[in-house]
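Secondary and tertiary structure notes
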Amino acid sequence: MAFLGSWFGCSHTDFRMSNSANVLIRSLLAVLIALSQAKPNTKSHTEPSGLRTDCVGNLMRLSLDKALAVGNQLEVEAINGTRHIVLTPALAAQCGYSMESDPWGNTRIYTSLMGCYVDNKDDTTFNVGLRLQMYSGKPSDVVSHNVMKTCSYTRWATREILCDRNYMEVSNYMPSPVPDTKGDEYSKKAVPSRSGESGIWKLTFYTPEAIVMLKREAEHAGYKAMTTAGRLVVRSPYNTAETYAEDVAGVPMEILKVSVYHDAPEGATVMNMMAACPTGGVLFTEDIISWHVPRRVTPLLDGSVKILEMYMGVNGQRLDRRQMVARGYGLSATDFHIIVEIPVGCPDGYNKSHAPDYQYHITYTVEPMLEVLWRAERTHEDARYKILFPITTPLMPRPPQAVDFTNAEERLFTIHVGTFLDDVELKNLTFNTGTYTAEDCAAKGFILHERRHPGGTKSFSLKVPFAVDEVLKHNPEPLVTTYTLALVIGFLIHPEQTPFAHPVELTASLKDVVLPTMKGTCDQHFFYTEVTFGSQGKNFDILVGYQPLSPELAQSFRLQENDTHLTLVVPFTAKQTAFERITSDSIRARLDMLLWEPRNNWMLADLFLTCTFPLRTTVCYPNGTITALAVKVEAVSNLIPSWLTLNDKSCKPSYSDDRFAYFSFTAKSCGTTRRFFDNYMVYQNEIGLYYSHKGSSYTASDPEYRQTVSCYYMVNDTQTLMFGYKSRNTYPSAEIGMGQLDVQMRLAHDASYDYFYQAEDYPVVKYLRQPLYFEAELTHSNDPSLELILESCWATAQEDPSYQPSWDIIVNTCENKEDSHVTLFHPVVADARVNIPSHFKRFSIKMFTFTKDDEVLKDEIYIHCNAMVCNTNDKSEGVCKGQCPRRGHGITGFHGIKGLKRTQRSKDSTQQRKISSGPIHLFNSE
């Protein structure tokens, strides 16, 4: 676009921001005026809405509303009769045309009435013609509009100085030549003749050195010198080589000083002409722009002057006193300056958004005008001094303010961000989950709203529910949730499409956490517990007996779980329970459970469930055999059951582990006492721990362990029996015979040994390392003097017990110490199912499989055992000495001879039984 490209290239002032000028230029390059073709009219014509022309003193002003300037390119031509001259930026400055536009397309074009292509009638009537060409995307899409305006102006001063945006203009009244008797600017000189031709033919510029140019040379350099009916006009663009700078009263000025040589029929004349235009002198505060112009522009004056008129205006239009007061403008004079004051933000200018370094700033731009008429006291000649002076403030930071209106009880973040100018658009929102447009936010349930305010500003409000993924949750306390919304709001500044962003972080806290709860019940064998999840789901670990609930324990305790609850079934004999008190027929046990939040180490809930379970600790047999079970209670926490003895300290437990000790003795042994009362005979013994047997972990202050064992036998008892006689031909006789003792082995569901897999359940499927609980039982016998001993147990991959490879589980009645997962023996106590504990043996192993070179040979196993039935009264050595009799004090495992393997007994032995269980399949999760 030829006309607009550099009209703002003049350096009127140092403080007028170069970037603001560039913004204006770029904006003007995108102006669109959608107008229909109109017929020229030299007097009056109908102009489309948004296009206005008016006369403002010695200028004609054309105003173009932004509604007509959207997106396309504008070219301006001067109409000179039938010719159309494209006004390039250089030609516009040379010929008296200027234009200014804001970034949105509001445009003003000014034409000097002394312009090159103005039809001048006797310096009183001026016909100005302009042609507007609007180009869209295609060269063929052109809208043209001819604008004609007639202005009348007769108030010419002897000298007129005009400072426009891109040029300086001075015109002087040009009377008929008279002798130079007073040193006037216009005088007849002795200059070379041009063969009788009239007109301007030479100019001498002073920089201040004299530079002489012929007229054609001056015009080629961008200057214009011309005459009208009664005036001589000289025009110069800013910043040419033949102008110079000078400070006047502290204000920088650009000076044009030239002598014009003119031939006329009356003779050759020379006229000294001068223009001086300010390029600075502006002071800023946050609220006021103060523009200082020298009261005495000394380069223009020769002697004293008197100010006759002084006006200020905006956009080339004078304002009266009432209008100035209404807008808050000020016009005053000091000894050295004329001062124009303009409030920042006044409606006659405009605000503009910027984002240097992506930080939000604004500027304010306004175009004041100053017009002064003074009279020289010596010559009584008048001079009119008119300045159009666009001013843009420096960048003013306006960091957005985020105001938090969140009401936590509504569970909704509410934020207002602002304020911004109307040229700012909210482009997107970036959360921890991604970047979303306004449409995306609406689809996610966010409420985004633009709020407009008086004065052309706006703000934005956003509402985000607490429940969405974009809101982070944190619990600083068990019952308190802190919600955090962190986002970055992305903006665009129009029309430049400049981006910037503003981060926002909001927090709100609510006491809204519902903690999990626990409850429990008991029956004769188990603790039943139920955990109800809280508002945060399963965010906790479970501790049973202050031990973490491992996957193996969860399986053993029959863990069942859904989205809201979980349940556990814990045998009262489990190691995780605590025994509080024991009697001859019951035990009081306690289950301690905690819900532990590991991230913050918080206890969310606890349960201490105490129940009394039936347990026969003493069994008195008619043959005088007594069995007793001692239990480690919580009050004697340092007790090691294997160290317990009866009154006779050589009578030690037949079996013991870390919680139980099992004694079997006769009424005539182990220090058992006897006494009588009424019809009863009472046998008593005492299970205890004596200091002589205690280890270094015990002290004299530790509680004693004493458990009395009592058996009551009726001394005198009369039974009445019915008796009848019947003769019979034969009499009973006894024959010597032989019988078989049956032994069976079963796989239990868990460590309670209450439920067993039946034949139809096989093969049983188990996970790797999941505990397998086996029970061997001597059936069909009521003889308490018999004891079942597991001599050896081993595993094979086939049903055949002799199949190889095999792996030893129990060797010579004890665990296989070469196994990394040691076999565990479990105590057997008398209960509703177990009448004679010595007839049972219980042990557990962890599920395994046979491998070779890390490859599974087969994913099932069979368990086989050689079982012996022994007489407890037989004191002989060997297998019948007991189940793993070499077990040391306080040591669970058997430290036997390394490499000891099972041995095969005679197949004719009536005491040996071979029992098997299986198959057990390995479940492969892959």
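Residues numbered from 1 in each chain as written. Predicted model: local features only at pLDDT ≥ 70, side-chain atom pairs only at ≥ 80, totals over all residues. Heavy atoms only, no water.

1. Observations concerning the overall build of the protein
Summing up its helical and strand segments, the protein has 6 helices and 68 strands in all. A fraction of 66% describes how many contacts in the protein between residues 6 or more apart in sequence connect residues 24 or more apart. Per element, the accessible surface of the protein, about 45,300 Å² overall, is 50% carbon and sulfur. (Helix = DSSP H or I, 4+ residues; strand = E, 2+ residues; numbered from the N terminus. Contact = heavy atoms within 4.5 Å. Areas by Shrake-Rupley, 256 points an atom, 1.4 Å probe, with all protein chains shown as cover.)

2. A look at the packing of aromatic side chains
A complete count under the given rule lists 29 aromatic pairs for this structure. Look at Tyr683 and Tyr713: their rings are 5.7 Å apart centre to centre, the planes differ by 85 degrees, and that puts the pair in the edge-to-face class. Of this pair, Tyr683 sits in strand β55 (residues 680-688) while Tyr713 is found in strand β56 (residues 706-714), placing the two residues 30 residues apart along the sequence. Comparing Tyr683 with Tyr713, the two get one shared label, buried. The interplanar angle of 20 degrees and the centroid separation of 5.4 Å between the aromatic rings of Phe774 and Phe843 together place this pair among those described as stacked. Here Phe774 is found in strand β59 (residues 771-779), whereas its partner Phe843 is found in strand β64 (residues 840-846), with 69 residues between them in sequence. (Phe/Tyr/Trp six-rings, centres within 6.5 Å; stacked < 30°, edge-to-face > 60°. Buried < 20%, exposed > 50% of the residue type's maximum accessible area, 1.4 Å probe, protein only.)

3. Regarding the pairing of strand β46 (residues 565-571)
With 5 of 7 residues buried, β46 lies mostly within the body of the structure. Pairing of strand β42 (residues 526-532) with β46 involves 7 bridges; the strand directions are antiparallel. By the bridge assignment for β46, Glu530 is matched with Thr567. By the bridge criterion, 2 bridges tie strand β45 (residues 560-561) to β46 in an arrangement that is antiparallel. Bridged to Gln560 within β46 is Thr567. (Pairing = 2+ DSSP bridges.)

4. Considerations on the state of the cysteines
In protein structure, a disulfide is the covalent linkage between the sulfur atoms of two cysteines. Enumeration over the complete set of coordinates arrives at 9 disulfides. Residue pairing for Cys163: its cysteine sulfur links by disulfide to Cys277, the two sulfurs lying 2.0 Å apart. Residues Cys163 and Cys277 share a disulfide whose torsion about the S-S bond is about -90 degrees; that sign makes it left-handed. Of this pair, Cys163 sits in strand β10 (residues 159-163) while Cys277 sits in strand β19 (residues 267-278), and the two are 114 residues apart along the sequence. Residue classification places Cys277 among the buried positions, given a relative accessible area of 0%. Across the disulfide, Cys522 is cross-linked to Cys611 (sulfur-sulfur distance 1.9 Å). An S-S torsion of about 70 degrees defines the bridge between Cys522 and Cys611 as right-handed. Linking Cys522 in strand β41 (residues 517-522) with Cys611 in strand β49 (residues 602-614), this pair joins segments that are 89 residues apart in sequence. (Disulfide = S-S within 2.5 Å.)

5. Examining unusual backbone geometry
A cis amide bond links Thr207 with the next residue in sequence, Pro208, at an omega value of 5 degrees. With respect to the helices, strands and loops of the structure, Pro208 is situated in the loop between β13 (199-206) and β14 (210-214). Each neighbour pair has its own omega, and for Gln804 with Pro805 the value is 5 degrees, a cis peptide bond. For Pro805, the location among the structural elements is in the loop between β60 (786-796) and β61 (806-811). For Asn601, which is not glycine, the phi torsion reads 55 degrees and is therefore positive. Tracing the chain through its elements places Asn601 in the loop between β48 (586-597) and β49. The class for Asn601 is exposed, based on a relative accessible area of 51%. Positive phi, normally seen in glycine, also occurs at Asn812, with a value near 50 degrees. With respect to the element layout, Asn812 can be found in the loop between β61 and β62 (814-815).

6. What about the environment of Tyr206?
Locating Tyr206 in the fold gives a position in strand β13. C-alpha of Tyr206 to C-alpha of Val258: the two residues are 52 residues apart in sequence and 6.1 Å apart in space. Each residue touching Tyr206, except ones within four places of it in the same chain, is listed here: Glu242, Tyr244, Lys257, Val258 and Ser259. At a separation of 3.3 Å, a polar atom in the side chain of Tyr206 contacts the side chain of Ser259. (Polar contact = N/O pair within 3.5 Å; in protein donor to acceptor, adjacent residues only side chain to side chain.)

7. What to know about the side chain of Ser353
Mapped onto the elements of the fold, Ser353 is located in strand β26 (residues 350-354). A relative accessible area of 2% means that Ser353 is categorised as buried. A polar atom in the side chain of Ser353 sits 2.6 Å from the side chain of Asp423. Setting aside chain neighbours within four positions, we find Ser353 in contact with Tyr360, His361, Ile362, Leu421, Asp423, Val424 and Ile493.

8. Some thoughts on the sheet that holds β46
In spatial order, the strands read β41-β42-β46-β45; together these 4 strands make up an open sheet with antiparallel pairing. This sheet does not close on itself; its edge strands, each paired only once, are β41 and β45.

9. A look at the sheet that holds strand β50 (residues 618-620)
Spatially, β50-β51-β53-β52 is the arrangement adopted by the 4 strands of the open sheet, whose pairing is antiparallel. Each edge of the sheet is formed by a strand with only one pairing partner; in this case those strands are β50 and β52 (655-656).

10. Observations concerning the environment of Arg327
Mapped onto the fold, Arg327 is located in helix α4 (residues 321-327). Each C-alpha atom of the pair Arg327 and Pro347 lies 8.1 Å from the other, and the pair is 20 residues apart in sequence. Excluding anything up to four places from it in sequence, Arg327 contacts Leu319, Pro343, Cys346 and Asp348. Of note is the side chain of Arg327, whose polar atom sits 2.6 Å from the side chain of Asp348.

11. What about the pattern of salt bridges?
For the structure shown, the criterion picks out 38 salt bridges. With a closest N to O distance of 3.1 Å, Arg378 and Asp302 form a salt bridge. Of this pair, Arg378 sits in the loop between β28 (368-376) and β29 (382-388) while Asp302 sits in the loop between β21 (288-294) and β22 (305-314), and the two are 76 residues apart along the sequence. On the basis of relative accessible area, Asp302 is assigned to the exposed category, the value being 56%. (Salt bridge = Lys/Arg side-chain N within 4 Å of Asp/Glu carboxyl O.)

12. Notes on the environment of Leu388
As for its placement among the helices and strands, Leu388 is situated in strand β29. Counting along the chain gives 74 residues from Leu388 to Val314, while the straight-line C-alpha distance between them is 8.3 Å.

13. Focus: a nonpolar patch on the surface
On the surface, Phe677, Tyr680, Tyr712 and Met714 cluster together into a nonpolar patch covering about 390 Å² of accessible area. On the secondary structure map, Phe677 appears in strand β54 (residues 673-677). (Patch = residues over 30% accessible without salt bridge, like charges linked within 9 Å, V, L, I, M, F, W, Y side chains within 5 Å.)

14. Some details on the confidence of the model for the protein
Per-residue confidence for the protein gives a mean pLDDT of 83, with 83% of residues at or over 70. Taken element by element, the protein is modelled with least confidence in helix α1 (residues 18-28), mean pLDDT 34, and with most confidence in β10, mean pLDDT 97. Predicted confidence is poor over residues 1-46, with pLDDT under 50, and the contacts of this stretch with residues over four places away or in other chains come to 144 contacts. Across residues 730-738 the pLDDT falls below 50, and counting only partners more than four positions away or on other chains, this stretch makes 0 contacts in the model. (pLDDT = per-residue confidence, 0-100.)

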